[in-house]
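Examination of the molecular architecture
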Amino acid sequence: IQESYFIVGHLSSALDIIRTIRDPEKPNTLEELEVVTESCVEVQEIGEDEYLVIIRFTPTVPHCSLATLIGLCLRIKLQRCLPFRHKLEIYISEGTHSTEEDINKQINDKERVAAAMENPNLREIVEQCVTEPD
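Below is a short write-up of the structure. Source: prediction; values computed, not measured.

Turning to unusual backbone geometry, a few remarks are in order. When glycine is set aside, most residues are seen to have a negative phi, and most peptide bonds are trans. The residue Glu34 is not glycine, and still its phi comes out positive at about 60 degrees. Residue classification places Glu34 among the exposed positions, given a relative accessible area of 58%. Notably, Asp49 is not glycine yet its phi reads approximately 60 degrees, a positive angle. For Asp49, the location among the structural elements is in the loop between strand E1 (41-47) and strand E2 (50-57).

So this is what it looks like as structure tokens:
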């Protein structure tokens, strides 16, 4: 029972962190646009006090040009804010994007994520999306 208690707590932590991320183009949050929902977060225990957090997000349209950027925002904010030891896997919900395999590879590749965050323009957009509204 204790294990599931932690998983439920970690699920709600992860959801609370990502629900307020703003869409790069619209004034809405990802939750308001249903890009992320309660059912898109999964948490599994993978070791002692270590958890795998899996996010499956749904772009607003199948050819969404910002899907990679949204995935990057999810990854950066979760890495910064999750209050427990974790591994992170972020995917596009199956069948919801025309290039989902390529995007899934990009947003789960540490080197590509680090390179993206070294780009000042990209970093600025990510920061605007992940910063909590006042």
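Having seen the structure, we can now continue with the description.
Let us look at the side chain of Thr29. Tracing the sequence through the fold places Thr29 in the loop between helix H1 (2-19) and E1. A relative accessible area of 16% means that Thr29 is categorised as buried. Within the structure, the side chain of Thr29 is placed 3.5 Å from the backbone oxygen of Arg19, a separation counted as a polar contact. In this structure, Thr29 is in contact with Arg19, Thr20, Ile21, Arg22 and Asp23, ignoring residues within four places of it in sequence.

Another point: the pairing of E1. Judged from the six bridges that link them, E1 and E2 form a sheet pairing that is antiparallel. For Gln44, the partnering residue across the bridge sits in E2 and is Leu52. The hairpin turn running from E1 into E2, its antiparallel successor, is two residues long, and Asp49 in that turn takes a positive phi close to 60 degrees.

Rules used in this analysis
Residues numbered from 1 in each chain as written. Predicted model: local features only at pLDDT ≥ 70, side-chain atom pairs only at ≥ 80, totals over all residues. Heavy atoms only, no water. Buried < 20%, exposed > 50% of the residue type's maximum accessible area, 1.4 Å probe, protein only. Helix = DSSP H or I, 4+ residues; strand = E, 2+ residues; numbered from the N terminus. Polar contact = N/O pair within 3.5 Å; in protein donor to acceptor, adjacent residues only side chain to side chain. Contact = heavy atoms within 4.5 Å. Pairing = 2+ DSSP bridges.

Geometric values such as these leave the question of function open.
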